[in-house]
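Secondary and tertiary structure notes
Next come the chains, spelled out residue by residue.
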Amino acid sequence: MSALAEDVRRSLSVATAQAPRTAARARLALLGTGNVGGAVLERLAGWVGTPFGEKLELAYVANTRQSLHPHTLTPTPLPQTGEGLSRVAPALGEDGTRIVIDATASAEVAARHAGWLAQGIHVVTACKLARGTSLAAWQVIEAACVAGDSHYGDAATVGAGLPLLRSIRELRAGGDRVTAIAGVLSGSLAWLFNHYDGLRPFSGFVREARDAGYTEPDPREDLSGEDVRRKLLILARAAGVQLEQDEVEVASLVPDEIAALPKEEVDASLPRLDPLLRERYAKAYKNGEKLRFIARLERNADGGWSARVGLDALSVDHPLAGGAGTDNKVAIWSDRYDDQPLVIQGPGAGAGVTAAGLLDDALRIARGWKK
Ligand SMILES: NC(=O)C1=CN([C@@H]2O[C@H](COP(=O)(O)OP(=O)(O)OC[C@H]3O[C@@H](n4cnc5c(N)ncnc54)[C@H](O)[C@@H]3O)[C@@H](O)[C@H]2O)C=CC1
Ligand SMILES: N[C@@H](CC=O)C(=O)O
């Protein structure tokens, strides 16, 4: 049995594998079996024989190389990714609650979200590419949910499942307007600036963060601020602020010559970041400050919005300077949280928390999307 088949087998309850399909269980198609997708399988394995496991039935699993139907546990090679993606909807069947879990970083998969939603297949995603890029793509997702009467579970796209999007939506549902958001939205950059000491090379810490599964598959997505831009766009749009990508000012940590490299050459180029970061760190240290990669969204006096993302040097007692590990720390101002913001803090990257965020959304859909 292949390693993937063995992981999937452990995630199936005997009842799920042998019993006929019933309307009581939502059927899942899991795309991506890397850090996050692997942790989804792990969490499902822990639910075998529990009421949580009984709510969900794994009907299809795929990565870039192979797809697998849990009822047979026989992997099928995927010569082309596009071909694999057209197998997803048929594998989920025609009726009942059907959910695609996107645990990839693939633009090709993200481009399928709207089609699935419009067919009535719910989508739960850790990938930010459908809702965190162009405003047009975000609008297509909104419209597809209406057309298919389907739900888009996006809790894992910002804060790796921390209750950020949920809190913003609940504030709005209660009549509040969000007036500003500021905070640390990247788990990997939080980890990097919580560990970097200005002595050991920054590039070594980047490799550690990547090997721990905190960075994007290409760490330039994090270091350039692009991943944080996407998260800020997702938060802003949830807050009712329909920003376009280029309305977020992004100060990248990646010099142009590294940005232009093919992905295979990135690792060897990382030490080129070291002098730049050493200089930023030394200056902040001299002033008694801490480096933090901050995203800000603010309403201007004229009613417009400004949004920016970049590395700031904060005084040690600044409210956003605290936290440890991969902690995200986000302050939200609204009508009711006007003087003192609502602050949400906790791990913002890592396979376990992200998988939990994905499965929270899947369970919520399986239970009928009740709050
Ligand atoms: N690692 C983390 O802490 C967090 C990650 N995320 C998001 O989760 C997603 C996955 O991240 P990781 O698991 O770390 O990446 P990874 O690189 O470990 O895994 C990606 C998986 O996607 C699969 N894949 C790629 N294209 C595919 C396709 N067309 N069809 C099926 N499978 C495909 C790959 O084969 C691989 O199994 C990313 O979008 C990331 O932004 C979100 C929150 C936290
Ligand atoms: N690479 C991301 C992972 C979660 O989205 C991060 O560092 O926050």
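Fair warning: this is a prediction, and the values are worked out from it, not measured in the lab. (Residues numbered from 1 in each chain as written. Chains lettered and ligands numbered in written order. Predicted model: local features only at pLDDT ≥ 70, side-chain atom pairs only at ≥ 80, totals over all residues. Heavy atoms only, no water.)

**Concerning the environment of Pro 319**
In plain terms, the rule: Elements are defined by DSSP. Helices are runs of H or I of four residues or more, strands are runs of E of two residues or more, and each kind is numbered from the N terminus. Buried means the residue's accessible area, taken with a 1.4 Å probe over protein chains only, is under 20% of the maximum for its type, while exposed means over 50%, and partly exposed covers the values in between.
Along the polypeptide, Pro 319 turns up in the loop between β11 (305-315) and β12 (327-334). Classification of Pro 319 by relative accessible area gives exposed; the value is 58%. On a C-alpha basis, the gap between Pro 319 and Leu 243 in space is 26 Å, while along the polypeptide they are 76 residues apart.

**Quick notes on the sheet that holds β11**
Going by this rule: We treat two strands as partners when DSSP finds at least two bridges between them. Fitted lines through C-alpha atoms serve as axes, helices being fitted only where they are in contact, and the angles separating the N-to-C directions of these axes extend from 0 to 180 degrees.
One open sheet holds the six strands; their spatial order is β9-β11-β10-β8-β12-β13, and the pairing between them is mixed. The open sheet terminates on both sides in strands that have one partner only, identified here as β9 (248-250) and β13 (342-347). Direction aside, the axes of adjacent strands within the sheet are offset by 20° on average. Where β9 lies against β11, three bridges are found, and the strand directions are parallel. Bridging across to β11, Val 248 finds its partner in Ala 307.

**What about unusual backbone geometry?**
At Asp 149, a residue that is not glycine, the phi angle is positive and equals roughly 50°. For Asp 149, the location among the structural elements is in the loop between α9 (135-148) and β7 (152-153). Look at Asp 149 and you get exposed, because its relative accessible area is 65%. With a phi close to 50°, Ala 160 is a non-glycine residue in the positive phi region.

**What to know about the pattern of salt bridges**
Note the following rule: Each salt bridge in this description consists of a side-chain nitrogen of Lys or Arg and a carboxyl oxygen of Asp or Glu lying within 4 Å of one another.
This structure, assessed with the given rule, holds 20 salt bridges. For Glu 216, the salt bridge is made with Lys 128, and the minimal N-O distance between the two is 3.2 Å. Separated by 88 residues along the polypeptide, Glu 216 in the loop between α12 (202-211) and α13 (220-223) and Lys 128 in the loop between β6 (122-125) and α9 bring together distant segments of the chain. Considered together, Glu 216 and Lys 128 belong to a single accessibility category, that of buried residues. Here Arg 207 and Asp 267 are joined by a salt bridge, their closest N and O atoms 2.9 Å apart. Of this pair, Arg 207 sits in helix α12 while Asp 267 sits in helix α16 (residues 266-269); the two residues are 60 residues apart in sequence, bridging distant segments of the chain. Judged by its relative accessible area of 25%, Arg 207 is partly exposed.

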